[in-house]
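Descriptive analysis of the structure
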Amino acid sequence: MDSQRLIQIGLGAVTLACIAIAVSRVIPSSESRYSYESDIEPVLAQYCYDCHGEGMDKGGIVLDEHLSPAELMADRRLWENVYHNMEGHLMPPGDKAQPSDEDREKMVTWIEGEVFKLDAENPDPGRVTLRRLNREEYNNTVSDLFGTRLTPADGFAEDDSGYGFDNIGDVLSLSPDLFERYLKASGELLDTIMVTRAPLPEVIDFTEDDFRGVGRFGDRTGAMSSTAATRVKVSPPADGEYKITVLAGGSQGAEFWPIMRVEVEKGPTKEFTVNVPAASAAEFSFKASLKKGQPRNVQMSFINDFYDPKNKDPNKRDRNLWINGVRVKGPLDQPVPPPTEAHRRILSLAPEGLPEKERSAKIVESFAEKAWRRPVNEEELKRVLGFYKQARDDGGSFDLGIKRSLQAVLVSPKFLFRGEMQASPDNPEAVHEIDEFALATRLSYFLWSTTPDGELLAEAKAGTLRKNLDGQINRMLAHPRAAEALTKNFAGQWLQLRNLRLAAPDKKTFPQWSGDLRNDMLEETEKFFATIVQENRPVLELLDADYTWLNERLAKFYGVPDVKGEKFQRVSLNGKVREQRGGLITHASILTITSNPTRTSAVNRGNFVLDNFLGTPPPPPPESVDIPPLEAAAKKNGEKQTLRQQLEVHREKKICASCHARMDPIGFGLENFDGIGAWRDLENGLPLDTSGSLYTGESFNGPAELREVFVEAKTGAFVRNMADKMLTYSLGRGTEYYDKPAVREIADQTAAGEFRFHAMVKAVVNSAPFQLRRGDSAAAE
Amino acid sequence: MRFSTLSRRTALRGLGASLALPTLDAMIPTGLRAADAVASPLRMAYVYLPNGVIIPKWNPTGEGKNWKPGKTLQSLEKVRNHVQVVSGLKQEKAQANGDGGGDHARATATFLTGTQARKTAGADIQAGISVDQIAASQLSGQTRLDSLQLGCDTVRKAGSCDSGYSCAYQFNFSWKSPTLPLAPEVNPRLVFEKLFGVEGTGEDVKSRELRMRHERSLLDYVLDDAKSMQKKLGYTDRLKIDEYLSAIRELEKKIESAEKFQASLPDSGSRPEGIPADYREHIAVMYDLLALAFQTDTTRIATFLVAHDGSNRSFPDIGVPEGHHHLSHHRRDQAKMDKLQKIDQFYVELFSGFLEKLKNTKEPDGSSLLDSSMIVFGGGIGDGDRHNHDDLPVILAGGGNGKLRTGRYLKAKEPVPMTNMYLSLLDKAGAKADRLGDSTGRFDLI
């Protein structure tokens with residue numbers, strides 16, 4: 001189905017559902033359009049009380065037993081439940097009488113206005129807890145600040161995630177260990193970028209194991225009781241002067257100590273009188289010039305053996321030499337290397353001709369402004385420059401001073417945390433627009449997962465970002481960084497693509513499985529999502545599309561002809577393959593992560609779609625159900641059974657059916673795809689029954705019809721859910737009941753924008769939760 | 001006298017090769033162990049086993065000193081006189097208690113804390129202080145590192161975790177405070193660096209002094225920055241800055257410790273290169289590093305989250321290609337239970353290898369490292385199918401400097417909160433606590 005048609009269908013479906021919403025929004029909040037007695041209660045009585053009223057309490061939900069109207073209205077949890085089920089068409093169950101769409105709208109609107117007390121004129125934008133940079137963001141940020149590709153955060157512990165994402169303010173904690181790593185990482189990073197001292201000489205140690213040649217007894221211990229020699233082979237890492245040290249000791253013979261001759265191949269020769277006993281071996285050193293790539297032998301010989309057993313003093317009878325080790329250190333006295341590109345860039349933050357004091361201030365101020373994502377005041381600058389001053393007072397160079405100040409900038413909480421200052425931060429009634437710098441920061445981390453660039457900061461400084469917001473969003477989305485960051489971080493977590501790393505399909509069951517195939521699957525989905533971002537395609541193509549990205553290996557795997565080479569290319573899906581595939585749910589990546597190592601899992605796949613596409617995940621399984629083993633049903637009357645047949649028991653028991661009726665059919669519809677996403681017509685030789693119906697009644701047979709159902713009937717739910725996820729990701733907090741109007745608004749605007757990706761992004765950025773924040777209420781609790 | 005610092009060239013050995021433990025004499029920093037010259041210091045460690053076990057194959061036959069290990073615990077036979085197999089321990093706070101699904105998140109979160117983890121996918125996560133951190137804060141300052149957190153889960157799951165619980169509950173084991181988990185380090189190379197520092201860079205005394213002074217100035221500076229930032233923030237945000245401030249204080253303490261206790265680089269040990277590709281090797285290297293940390297007295301308190309509860313890892317090398325978690329819902333299917341038993345055995349074998357290493361490591365007073373340790377090995381789920389949190393599989397290893405009655409199968413007559421046992425262990429370690437999580441007293445039978 002091509003995009004035009006997709007858009008038409010989608011628009012149609014959503015418009016119907018939207019009419020009531022559009023109407024109600026025009027009405028000022030002070031007037032309540034619906035009243036409980038005349039509009040809401042009758043609906044509940046007609047459609048819900050059979051199970052949830054008049055003495056009935058299915059699922060623990062009771063709608064009519066509150067002691068007072070006030071209590072009824074205060075039971076927000078209850079109404080959140082009703083809201084969720086009404087909006088998602090989850091209640092009443094499919095086989096019962098259904099309220100009309102108007103009734104549902106009435107309910108939803110009334111709940112928003114009267115229970116949640118949401119006021120369209122004064123939306124509650126919520127607040128985001130102070131977010132620290134996560135690993136990905138830290139790496140990207142320092143890369144952009146310095147113009148490097150270093151990734152120091154790879155050594156940090158993985159970030160905890162919440163609501164499906166690893167950039168949630170409340171969840172990102174800062175342990176002592178992490179803080180220490182920040183300190184170390186910033187120091188090492190700056191040391192790498194701004195080398196302010198000569199490289200330290202390398203030290204190469206040789207122990208007995210490295211000695212070659214012959215001691216007296218033909219071994220390599222370095223003990224020499226007779227004229228002999230031992231040697232080590234030195235491979236100098238660079239040209240230069242080296243210090244060679246031999247750790248040696250000896251024993252006297254007559255009055256004399258052993259003489260050790262040290263010869264450097266093609267180099268100097270030195271002789272030492274080793275005049276210490278072996279037990280307190282000493283260092284004997286000299287210098288030699290060595291060249292890189294020219295390994296040299298360093299040989300130590302014992303040249304004055306002596307043995308007089310008749311000597312009166314037993315300690316002077318036997319002259320021997322012991323060599324305990326050799327150390328080669330160098331090159332010594334190397335110069336400070338010329339500055340790196342990044343180093344020069346830092347120094348160029350101020351013109352060269354300025355006097356030092358001003359120059360240092362300018363460099364540090366410019367850097368700090370970029371790093372802290374806002375202008376730096378005089379007091380702050382003075383304190384940071386204290387590090388420069390200290391380094392200079394200690395005799396350090398200008399560059400070292402700058403480096404010290406920059407490190408302070410990078411370990412400050414002003415860098416690590418994205419603060420959004422507001423007046424009256426503890427007053428939950430106080431709602432503020434976030435300032436231009438906070439807006440730039442949110443925008444940048446949302447679309448590029450990195451710190452605001454020069455252009456965004458300039459707009460913020462001029463106070464024109466909000467005015468030019470649309471233009472800036474366009475600019476950022478057009479840049480390849482947007483597709484890269486959003487694919488890796490948003491799609492990667494929303495669609496759980498990161499779990500592909502963990503997938504472990506059994507090679508015996510799936511001989512086609514390989515590391516290459518895993519990489520291919522991931523790349524297909526990533527490139528597909530990136531296309532939607534870059535080309536501003538309708539997000540409905542995620543549900544079904546007539547194209548995808550393949551290379552030769554994956555194309556063969558899918559049965560798509562005429563794709564050659566390792567490189568990925570955009571491929572149109574036609575004919576038989578088009579019947580089989582199109583959209584995320586038919587990508588091998590998603591089919592694999594929703595399978596078990598040895599077989600498919602209809603339940604997992606159904607759950608994935610409900611949770612990640614439709615936003616209506618089923619509740620967790622009940623605790624005390626006796627569930628017979630799956631494999632017990634593997635054979636019935638001695639005959640093999642398909643997975644679907646084995647799962648029949650899900651329908652037989654009512655307590656299971658209520659949730660499984662939602663999940664299983666979707667999975668059955670996808671049973672043509674095996675545990676690694678390859679097409680199959682049979683399951684272990686048995687024919688497949690891929691028919692089913694969604695909980696809301698729409699029926700299908702096979703993946704093509706399943707996708708058609710999504711496109712014809714579920715775009716509203718899909719877009720709303722994606723909007724919710726995108727809002728969560730962009731804000732760094734989970735959505736709450738008071739965000740529901742914003743989520744719907746985003747979904748509506750996306751629909752109005754032909755469901756295009758950019759339309760959704762803009763709707764998110766322009767939403768109340770993104771533009772505003774309110775004070776904290778926690779102190780009062 | 002020998003050259004004692006390793007150079008890059010001589011130190012690099014193969015990937016994840018089992019570390020050679022250095023001889024002890026070379027390790028003792030002079031003057032350091034003066035206070036403990038009489039007895040070896042007491043070490044404690046907690047090691048996690050996910051997804052429950054096949055209980056009938058886990059439980060030994062026989063009683064008391066006459067216990068005989070079954071197939072799963074067979075490898076413990078070599079150290080039978082140094083361990084106690086304990087049964088009858090429970091973690092009531094790992095039960096739903098009204099919160100619905102999420103046993104795996106709860107199992108990991110309660111194992112060391114005994115508290116009901118707050119059910120939240122993100123905002124305001126809360127568990128409790130873990131037993132190892134109670135010990136670490138009371139015994140702080142006696143070693144270079146107050147405590148060590150190890151793990152082998154190299155990749156965290158994306159998306160949501162167990163039934164509405166934040167992933168923080170499953171992938172962290174130690175909790176410094178009810179709201180601050182301590183992430184386990186999974187890279188052996190980084191563990192090594194944490195213990196022994198990055199190899200000597202030939203820094204001279206003057207540059208070292210300057211560097212340390214700079215570090216202290218940095219800490220003072222960020223302390224001020226944080227305090228001034230905090231004044232302008234709302235309540236929840238101020239708590240985040242509190243984490244930052246605590247971290248600064250911890251680092252200040254650690255710098256002091258580092259100056260008191262020089263890092264004792266092992267003489268002949270080899271520095272691990274990174275994370276081994278083979279799982280068995282990864283676990284083994286971590287155990288080796290733990291033994292090394294104890295032996296060098298770099299720390300005396302450690303936790304090791306071998307795998308998070310809910311782990312769905314497959315074990316093709318031992319003939320189990322299916323995922324662990326998936327299998328653990330065995331529904332009494334014999335084939336599945338047999339495979340699970342193999343996984344249980346796999347984990348126990350690696351633990352036994354660790355205990356053997358400790359046994360073979362001699363302390364200056366002649367005893368072994370195992371004699372002076374108290375190690376808890378177990379999981380927060382009993383039977384993976386039932387998801388029950390009582391009758392937990394637990395092994396208490398080590399002599400605790402004579403304070404533990406080793407070499408037997410100890411069956412509690414009535415179910416006992418595991419936290420009671422922790423209080424007893426804390427007593428023995430000299431880190432008394434009145435309560436821990438849901439404790440009701442002590443369990444001094446151990």
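Scoring rules and cut-offs
- Residues numbered from 1 in each chain as written.
- Chains lettered and ligands numbered in written order.
- Predicted model: local features only at pLDDT ≥ 70, side-chain atom pairs only at ≥ 80, totals over all residues.
- Heavy atoms only, no water.
- Pairing = 2+ DSSP bridges.
- Helix = DSSP H or I, 4+ residues; strand = E, 2+ residues; numbered from the N terminus.
- Axes fitted to C-alpha atoms, helices over the stretch in contact; angles between N-to-C directions.
- Domains from an automatic or database assignment.
- Contact = heavy atoms within 4.5 Å.
- Buried area = accessible area lost by both parts, 1.4 Å probe.
- Polar contact = N/O pair within 3.5 Å; in protein donor to acceptor, adjacent residues only side chain to side chain.
- Nonpolar A, V, L, I, M, F, W, Y, C, P; charged D, E, K, R; others polar.
- Expected span 1.5 Å × (residues − 1).
- Buried < 20%, exposed > 50% of the residue type's maximum accessible area, 1.4 Å probe, protein only.
- Core = buried A, V, L, I, M, F, W, Y, C linked by side-chain atoms within 4.5 Å.
- Salt bridge = Lys/Arg side-chain N within 4 Å of Asp/Glu carboxyl O.
- Disulfide = S-S within 2.5 Å.

Consider a sheet: its strands pair through backbone hydrogen bonds, and that pairing is either parallel or antiparallel. Residue and element names in this part refer to chain B. Here seven strands make up an open sheet; going across it, the order is 3-6-1-9-10-2-11 and the pairing mixed. The sheet is open, and its two borders are formed by strand 3 (148-151) and strand 11 (408-417), each paired with just one other strand. For this sheet, the mean angle separating the axes of adjacent strands, direction not counted, is 20 degrees. For strand 9 (residues 373-378) and strand 10 (residues 394-397), the ladder comprises four bridges, and the chain directions are antiparallel. The residue of strand 10 that forms the bridge with Val376 is Leu396.

This next bit is on the domain arrangement of chain A. Residue and element names in this part refer to chain A. In terms of domains, chain A is made up of domain 1 (30-115), domain 2 (202-330) and domain 3 (488-715). Spacing between the C-alpha centres of domain 1 and domain 3 amounts to 35 Å. Opposite the six residues of domain 1 that make contact, domain 3 presents five residues. When domain 1 packs against domain 3, close to 520 Å² is buried across both sides, 58% of that on carbon and sulfur atoms. Counting across the interface, domain 1 meets domain 3 through zero residue pairs in polar contact (both at pLDDT 80 or more). Here the side of domain 1 that touches domain 3 is composed, by residue class, of two nonpolar, four polar and no charged.

Time to look at helix 9 (residues 279-295) of chain B. Compared with the 24 Å implied by 1.5 Å per residue over 17 residues, the 24 Å span of helix 9 of chain B between its first and last C-alpha is a close match. Counting buried residues along helix 9 of chain B, 14 of its 17 residues qualify, which places the element largely inside the surrounding structure.

This brings us to the nonpolar core. Residue and element names in this part refer to chain A. Core analysis: the biggest nonpolar cluster contains 102 residues, and Phe446, Leu447, Leu486, Leu542, Phe613, Phe718 and Phe757 have the highest contact counts within it. The element contributing the most residues to this core is helix 27 (residues 715-731), with nine residues. Core analysis: the second largest hydrophobic core is formed by 61 residues, Trp372, Leu385, Ile402 and Ala408 among them.

Residues and elements named next belong to chain B. For chain B, the assigned domains read domain 1 (36-196 + 273-283 + 301-342 + 367-446) and domain 2 (198-262). In this structure, domain 1 and domain 2 have C-alpha centres spaced 32 Å apart. Every contact between the two is made by twelve residues of domain 1 and, on the other side, ten residues of domain 2. Carbon and sulfur atoms supply 52% of the area buried between domain 1 and domain 2, which totals about 850 Å² over both sides. The interface formed by domain 1 and domain 2 contains one salt bridge. Across the contact surface, domain 1 and domain 2 share two residue pairs in polar contact (both at pLDDT 80 or more). Looking at the side of domain 1 that touches domain 2, its residues break down into three nonpolar, five polar and four charged.

Before going further, it helps to examine the state of the cysteines. Evaluated as defined, the whole model comprises zero disulfides over all chains. In this structure Cys48 of chain A is not part of a disulfide, and its nearest cysteine sulfur, from Cys51 of chain A, lies 8.9 Å away.

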